[in-house]
Structures are given as structure tokens and as C-alpha cells.
Amino acid sequence: MLSTSSSARDLMQSDVVTVGPSDSLRDAMEWMVDSHVSGLPVIDEKDRCVGVLSMTDVLGVEYAQAELAVGPDVEEVGSYYDPDTQRWESMRFAGSVDELPDVSVSEVMSCDVVSVLPQAALREVAELMLERRVHRVLVMDRKHHLHGIISALDLVRLVAEP
């Protein structure tokens, strides 16, 4: 049985959908939607994790597009939670995934990867998520090879399920 004293290796999801730095933002967004995930580790040609593409990154691009496309096709659609400000923000969207700009993942991704080693205690993972205000922590070795991912939902399941 898992507990908060278990290791990252014990809880991590090892079947992780990833994206490459040269992949298009449109393709990455489709993979996120199809896989029901809100972020993708970015893996380079040497099989090293070089970044993370999150829905927050995609929303930032979409927001910039909507600001440029002032007109009747731009509508305000609901809101999203901004973990940096800890507030719900309204968001204008210019269109569909097909209308995202033709940019690569490397132009949008965050290079600041929040990660732990496989032997890290789950308490350390949870503390890191709180400290860095992230929804996922990558489990990697010292050579930046991805072993798995732990989401905030994984930690919630650990506490909530018997």
C-alpha cells in the first residue's frame, strides 16, 4: 500500500505522452486533448527532457492571438485559474486549435522543469508542487531522462482512496 512516505517511483505514471521541441503547437494541443492531460514533457533527440508544455503556455499564446485579433470573431469565453496570481481570470479566444499560430513547441514551452529523482519521497513531491505552484512534477534521473510523471491528481488519489 502506498503512503506519503513512499517514493516517486511508486506513484509515478510511467506511460507518459511526450512532445518534441520541433513539433507544432497545434499538434501538441491535439495530443493534450486526445490524451486528457494538461501538460506534456518536451523530449529532445537525445531522449532528454528539455521542458514542459502546459495548457497555461497554450492559453498565453491564445490570449496574445486574441488581443491581436480584435473584431467580431473574438469572444470572451469563461475563465481560467491563474496559479501565479491565485485568481480566476477571464480569457478571450480568437478561434479553434486550427487557428493557433504556426509555432513550434520550443517557442512556447517552459524550460524550467520541476522534477525529482525516482527515489524522492512523495512528501517531497507534494512540497515541491506547493512551493513551485505546479500541477505536475516530472520524475527524472540525473541525466534528465524521463522516468515518469506525478500529477496533483495522483497525490489526491493517494490520500482519498483506501
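Everything below is about the structure shown above.
Residues numbered from 1 in each chain as written. Predicted model: local features only at pLDDT ≥ 70, side-chain atom pairs only at ≥ 80, totals over all residues. Heavy atoms only, no water.

### Section: the overall build of the protein chain
Scanning the protein chain from terminus to terminus reveals 5 helices and 7 strands. Mapped from its N terminus to its C terminus, the protein chain presents α and β elements in the order α-α-β-β-α-β-β-β-α-β-β-α. The proportion of buried residues among the 162 residues of the protein chain is 38%. Restricting the contact set of the protein chain to residue pairs at least 6 apart, pairs at least 24 apart contribute 57%. Surface summary for the protein chain: the accessible area is close to 9,700 Å², and the carbon and sulfur share equals 50%. (Helix = DSSP H or I, 4+ residues; strand = E, 2+ residues; numbered from the N terminus. Buried < 20%, exposed > 50% of the residue type's maximum accessible area, 1.4 Å probe, protein only. Contact = heavy atoms within 4.5 Å. Areas by Shrake-Rupley, 256 points an atom, 1.4 Å probe, with all protein chains shown as cover.)

### What to know about the packing of helix α4 (residues 122–132) against helix α5 (residues 152–160)
Between α4 and α5, whose axes approach to 11 Å, the crossing angle comes to 130°. Taken together, the axes of α4 and α5 are oblique relative to one another. As α4 packs across α5, the resulting crossing turns out to be left-handed. The residues of α5 that touch α4, namely those facing L122, V125, A126 and M129, are A152, L155 and L158. Here the contact of α4 with α5 is built from residues that sort into 7 nonpolar, no polar and no charged. (Axes fitted to C-alpha atoms, helices over the stretch in contact; angles between N-to-C directions. Parallel < 35°, antiparallel > 145°, perpendicular 65-115°, else oblique. Left-handed = near helix turned anticlockwise from the far one by under 90°. Nonpolar A, V, L, I, M, F, W, Y, C, P; charged D, E, K, R; others polar.)

### Focus on the pairing of strand β1 (residues 39–43)
Looking along a regular strand, one sees the side chains alternate between the two faces of the sheet. Counting buried positions over the 5 residues of β1 gives 5, a clear majority of the element. With burial as the criterion, each face of β1 is covered, one bearing G39, P41 and I43 and the other bearing L40 and V42. Inspection of the sheet shows β1 paired to strand β2 (residues 49–54) by 5 bridges, in the antiparallel sense. The residue bridging I43 from the neighbouring strand is C49, located in β2. Between β1 and β2, which follow one another and run antiparallel, lie 5 residues, and D47 among them has a positive phi close to 65°. (Pairing = 2+ DSSP bridges.)

### Observations concerning the environment of C49
Along the chain, the position of C49 falls in strand β2. Distance in space between the C-alpha atoms of C49 and C111 is 9.3 Å, their sequence separation being 62 residues. Those residues in contact with C49 that lie beyond four places of it in its chain are P41, V42, I43, V113, L138, M140 and H144.

### Thoughts on the nonpolar core
The biggest cluster of nonpolar side chains holds 15 residues, and the ones touching the most others in it are V116, V125, V137 and I150. Going through the elements one at a time, α1 (8–11), α4, β6 (136–140) and α5 are the ones with two or more residues in this core. A per-element tally of this core places α4 first, with 4 residues. When sequence neighbours within four positions are dropped, the list of residues in contact with I150 reads A8, L11, M12, L122, V125, M129, H135, R136, V137, V139 and L155. (Core = buried A, V, L, I, M, F, W, Y, C linked by side-chain atoms within 4.5 Å.)

### Remarks on helix α2 (residues 25–35)
Along α2, the positions that sit buried rather than exposed are L25, A28, M29 and M32. For α2, the angular spread of buried residues about the axis comes to 100°, placing them on one side. Count one or two residues on from α2 and you reach H36, which has phi positive near 60°. (Arc of directions from axis to C-beta.)

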